[in-house]
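Survey of secondary and tertiary structure
Residues per chain, in single letters:
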Amino acid sequence: LKEGPGGMRLYGRGTADDKAGIIVHAAALDSFLKTHGNCPINLKVVIEGEEEIGSTHLEEFLTKYKEKLKADVLI
């Protein structure tokens, strides 16, 4: 995500697809942080982009980084 003249922009392969699920979470967190200054919980956001090919690496990723992914909330 980058702040641009037209607001938040998402750059990457397939960004013309419907990314509302990603943008809504990023925008909500951005708005909260601008309003409150910090997040009162340990929040992790995982954006997994292999859903179109079966998410074949997701389980391996979650297992490998399970300690780093410990959070009060995981989106």
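Residues numbered from 1 in each chain as written. Predicted model: local features only at pLDDT ≥ 70, side-chain atom pairs only at ≥ 80, totals over all residues. Heavy atoms only, no water.

1. Considering the pattern of salt bridges
Per the counting criterion, the structure on display carries two salt bridges. Note that Lys-34 is salt-bridged to Asp-30, the shortest N-O span being 3.3 Å. Separated by four residues within a single helix, Lys-34 and Asp-30 lie in helix α1 (residues 20–36), roughly one turn from each other. The class for Lys-34 is exposed, based on a relative accessible area of 61%. (Salt bridge = Lys/Arg side-chain N within 4 Å of Asp/Glu carboxyl O. Helix = DSSP H or I, 4+ residues; strand = E, 2+ residues; numbered from the N terminus. Buried < 20%, exposed > 50% of the residue type's maximum accessible area, 1.4 Å probe, protein only.)

2. Quick notes on unusual backbone geometry
Positive phi values are uncommon outside glycine, yet Ser-55 reaches one of about 50°. Along the chain, the position of Ser-55 falls in the loop between β3 (43–44) and α2 (58–64). What makes Ser-55 partly exposed here is its relative accessible area of 22%.

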